[in-house]
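Architecture at a glance
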Amino acid sequence: MASPRGDSGHMIVKQILVVEDERPIREMLAFGLRRAGFEVREAADALAARSAVANQRPDLLIIDWMLPDTSGLELTRQFKRDRDTAELPIIMLTARAEEADKIAGLDGGADDYLTKPFSPRELVSRINAVLRRAAPAEADDNVAFNGLTLDQASQRVLAGERTVPLGPTEYRMLAFFMTHAERVYTREQLLDRIWGGNVYVEERTIDVHIRRLRKALEEFGYDRFIQTVRGSGYRFSTRAE
Ligand code: CA
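In what follows, the accompanying structure is described. Since the model is a prediction, treat every value here as computed from it, not as a measurement. Per chain, the residues get numbers from 1 upward, laid out in the order the sequence is written. Where totals are concerned, whole chains, interfaces and linings use all residues; where local detail is concerned, this predicted model gives features only for residues with pLDDT of at least 70, and gives and counts side-chain atom pairs only at 80 or more. Calculation of side-chain values draws on the structure's entire complement of heavy atoms; hydrogens and water are dropped beforehand.

1. A look at the sheet that holds strand 7 (residues 148-151)
By way of backbone hydrogen bonds, the strands of a sheet pair with one another, either parallel or antiparallel. This is how the line gets drawn: Any two strands between which DSSP finds at least two bridges are classified as paired. Secondary structure elements are taken from DSSP: a helix is a run of H or I of four residues or more, a strand is a run of E of two residues or more, and numbering for both begins at the N terminus. Contacts are assigned to residue pairs with any non-hydrogen atoms lying within 4.5 Å of each other. Lines fitted to C-alpha atoms define the axes here, with helix axes fitted over just the stretch in contact, and angles between the N-to-C directions of these axes take values from 0 to 180 degrees.
Across the sheet, four strands lie side by side as 6-7-8-9; this open sheet has antiparallel pairing. Edge positions in the open sheet fall to strand 6 (142-145) and strand 9 (162-163), since each of these has one partner strand only. Across two bridges, the pairing between strand 8 (residues 156-159) and strand 9 is antiparallel. Bridge pairing in strand 9 places Leu-158 opposite Thr-163. Sheet contacts for helix 6 (residues 168-179): strand 6, strand 7 and strand 8; angle to strand 7, the most-contacted strand, approximately 110 degrees.

Written as C-alpha cells, this is what we have:
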C-alpha cells in the first residue's frame, strides 16, 4: 500500500516548534534552525503552541520564558504534566541570567536552558544534545518481549530466529508499540505518533494496520500482545487481556 508519508523513513528531519512572541527573534531562530536542517514551525503564544502541538507533535519545543499569555515556564509545566506531551523535549529561552530563574526553568521540566543572547550554533548543539538524550530507544537498541525482538538497527522484528514479515507501516507501528509497552494509545495518538499529524489519514486506517499487524504476528503466536482496549484504543502488552 502506498503510504501517505513516513515510510521512506530513512532521512528523518526533526521538527522543532519555536514559541516566542517577539517576531524578529522568532523569525531569526526559525531561519537559523532551518539552515541547520530542521523543519521549523512557529507559535507566538502559549495558546498557539498548545494547539500546534495538539495538531502535530514536534520533536522538540523551544519556549521563550516571556510570553504574553501564559509564561513559558507555566507552559512547560503544562506540557510536562500532560501524559501525552510529558516526553516532549523542551529547551527554554530567557533574557534573564539569574540563577534562580535557571533553576525554576529546570524544575518546571525544561530539558535545557539558554540565556539570551546566544549563538545559533550554541542553540543547535543544545538541541542535538537534548534530542540524543530524549531518544535512547531510537538508537540501535534491541527491545525484546518473550522472544519477540525489535532490532532497530536492521529495522526488523524477530520471532526467535525468524524474521516477522511486516510492511513498513506495520513495522513502524510495532516498533512504536514495543518501545511504549503497557500503555494505552487512542487511534488519534497512534496516528499522531506513527504517521505524524500533518497528513490526512482516517482513524479507521489504524484498525486496518492493526489487523495486518496481528495477522503477521499470529503465525508466531504474538498477536495476543496487540490488545484492543474497549472505548480507548490499543496497547502492546505481554500480560493477558
Ligand atoms: Ca518573548
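2. What about the nonpolar core?
To keep things clear, this is the line we draw: We call a set of buried residues a nonpolar core when its members are Ala, Val, Leu, Ile, Met, Phe, Trp, Tyr or Cys and they connect through side-chain atoms within 4.5 Å of each other. Exposure classes here rest on a 1.4 Å probe applied to the protein chains alone. A residue is buried below 20% of its type maximum, exposed above 50%, and partly exposed in between.
One finds Leu-148, Phe-177 and Phe-236 to be the most contacted residues of the largest nonpolar core, which totals 31 residues. Those elements giving two or more residues to this core turn out to be strand 6, strand 7, strand 8, helix 6, helix 7 (187-195), helix 8 (203-218) and strand 11 (233-236). A per-element tally of this core places helix 6 first, with seven residues. With residues near it in sequence (within four places) discarded, Phe-236 still touches Phe-145, Leu-148, Leu-174, Phe-177, Met-178, Ala-181, Glu-182, Arg-183, Phe-225 and Ile-226. If you look at the next biggest cluster of nonpolar residues, it comprises 19 residues, including Val-19, Ala-52, Val-53 and Phe-79.

3. Some points on the side chain of Gln-189
Formally: Side-chain atoms alone can form a polar contact between residues adjacent in sequence; in general such a contact is a pair of N or O atoms within 3.5 Å, and within protein one must be able to donate a hydrogen while the other accepts it.
By secondary structure assignment, the location of Gln-189 is in helix 7. Gln-189 sits in the buried class, given a relative accessible area of 17%. In this structure the side chain of Gln-189 is engaged in a polar contact, spanning 3.0 Å, whose partner is the backbone nitrogen of Thr-186. What Gln-189 contacts, discounting residues up to four positions off in sequence, is Asp-84 and Val-184.

4. A word on the environment of Gly-32
One can find Gly-32 in helix 1 (residues 23-35). When the C-alpha atoms of Gly-32 and Ser-119 are compared, they prove to be 9.6 Å apart, with 87 residues separating the residues in sequence.

5. Points about unusual backbone geometry
Residue Pro-117 follows Lys-116 across a cis peptide bond; omega there is -5 degrees. By the element assignment, Pro-117 lies in the loop between strand 5 (112-115) and helix 5 (120-134). Positive phi values are uncommon outside glycine, yet Gln-155 reaches one of about 55 degrees. You will see that Glu-182, though not glycine, has its phi angle at about 70 degrees, which is positive.

6. Observations concerning the packing of helix 6 against helix 7
Convention followed: Working rule for angles: under 35 degrees goes down as roughly parallel, over 145 as roughly antiparallel, 65 to 115 as roughly perpendicular, anything else as oblique. Classification used: nonpolar for Ala, Val, Leu, Ile, Met, Phe, Trp, Tyr, Cys and Pro, charged for Asp, Glu, Lys and Arg, polar for all others including Gly.
Helix 7 packs onto helix 6 with a crossing angle of 110 degrees between their chain directions and a minimal axis gap of 10 Å. Taken together, the axes of helix 6 and helix 7 are roughly perpendicular relative to one another. Facing helix 6, whose interface residues are Thr-169, Arg-172, Met-173, Phe-176 and Phe-177, helix 7 presents Leu-190, Arg-193, Ile-194 and Trp-195. When the residues that make up the contact of helix 6 with helix 7 are grouped by side-chain class, the tally is six nonpolar, one polar and two charged.

7. With respect to helix 5
So the rule is basically this: Multiplying one less than the number of residues by 1.5 Å gives the expected span of a helix.
Taking 1.5 Å of rise per residue, 15 residues should cover 21 Å, and helix 5 covers 21 Å from first to last C-alpha, within 8% of that figure. On its buried face, helix 5 is in contact with strand 1 (15-19), helix 1, strand 3 (60-64), strand 4 (90-94) and strand 5.

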